[in-house]
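Structural features, examined
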Amino acid sequence: MPPVNAALRCVNFEERRDRAMALFAEKGFGQVSMRELAAHVGLTAGSLYHHFPSKQDLLYDLIEELYEELQATLDLGRRARAQGRPVLACLIAAHWQLHGERPLQFRLAERDFCCLTGEQQARLAGLRESYETGLLRLIAPQARLGAQALAATGHVLATLLNQLPGMLRGKGLGEVEGVGLMESLVVGAVERALG
């Protein structure tokens, strides 16, 4: 019986986290009090503090999870390269899918990053930089730009891959058309900047 209870606690925790994320995305992180957050997820403030010492810790957890998922897209790209498949097409499809699964986390990462503590921002900036560097190494391993230009290029490419799916879905494009347009836009940018 204990494994069932543990599994149920885990499911309840995930559901509550999803509800918290939806509230942050709807109202804005800074507009949500701990008391309102606790009521929205069906807990007392004390119970919420048991799981997360602060709202910032919860937000940090949600954004950190997104960067872990983004790192996993790079693993897909590495496997594609090892199998002789086009890396960029694989990465674009993976980002499209991830954005479809986690649109609220992308929104929070872009909009509410500034609400985190300085230490949390620094840790997430390191995760993002690692992701951007890995992305650039996969897409353009032979790129010959200076270090600052390469870092800027990685940042822009990551931003394109992370924001284009939401923009294109917002215009009513389905997966086939959206991924195709993303591929044209990103390939064009890569060839122009790094070719």
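Residues numbered from 1 in each chain as written. Predicted model: local features only at pLDDT ≥ 70, side-chain atom pairs only at ≥ 80, totals over all residues. Heavy atoms only, no water.

Per an unreviewed UniProt entry, the recorded name for the chain is TetR/AcrR family transcriptional regulator, and the organism is Pseudomonas maumuensis.

**Here's the deal with the pattern of salt bridges**
For the coordinates displayed, the defined rule picks out 11 salt bridges. In this structure, Lys27 and Glu36 form a salt bridge, with 2.6 Å as the shortest nitrogen-oxygen distance. The exposure class of Lys27 is partly exposed, given its relative accessible area of 36%. The exposure class assigned to Glu36 is partly exposed, which follows from its relative accessible area of 27%. (Salt bridge = Lys/Arg side-chain N within 4 Å of Asp/Glu carboxyl O. Buried < 20%, exposed > 50% of the residue type's maximum accessible area, 1.4 Å probe, protein only.)

**Some words on the packing of helix H5 (residues 87-101) against helix H9 (residues 175-194)**
Close contact between H5 and H9 brings their axes to 10 Å; oriented N to C, the two are set at 130°. If you check the angle between H5 and H9, you find them oblique. H9 is crossed by H5, and the crossing has right-handed handedness. Counted together, Leu88, Ala89, Ile92 and Trp96 of H5 and Glu175, Gly178, Val179, Met182, Glu183, Val186 and Val187 of H9 form the full contact between these two elements. Residue composition of the contact of H5 with H9, grouped by class: eight nonpolar, one polar and two charged. (Axes fitted to C-alpha atoms, helices over the stretch in contact; angles between N-to-C directions. Helix = DSSP H or I, 4+ residues; strand = E, 2+ residues; numbered from the N terminus. Parallel < 35°, antiparallel > 145°, perpendicular 65-115°, else oblique. Left-handed = near helix turned anticlockwise from the far one by under 90°. Contact = heavy atoms within 4.5 Å. Nonpolar A, V, L, I, M, F, W, Y, C, P; charged D, E, K, R; others polar.)

**Examining the packing of aromatic side chains**
In the structure shown here, the tally under the stated rule is one aromatic pair. In this structure, Arg169 is placed above the aromatic ring of Trp96, and the distance from its NZ or CZ to the ring centre is 4.1 Å. (Phe/Tyr/Trp six-rings, centres within 6.5 Å; stacked < 30°, edge-to-face > 60°. Lys NZ or Arg CZ within 6 Å of the ring centre and 35° of its normal.)

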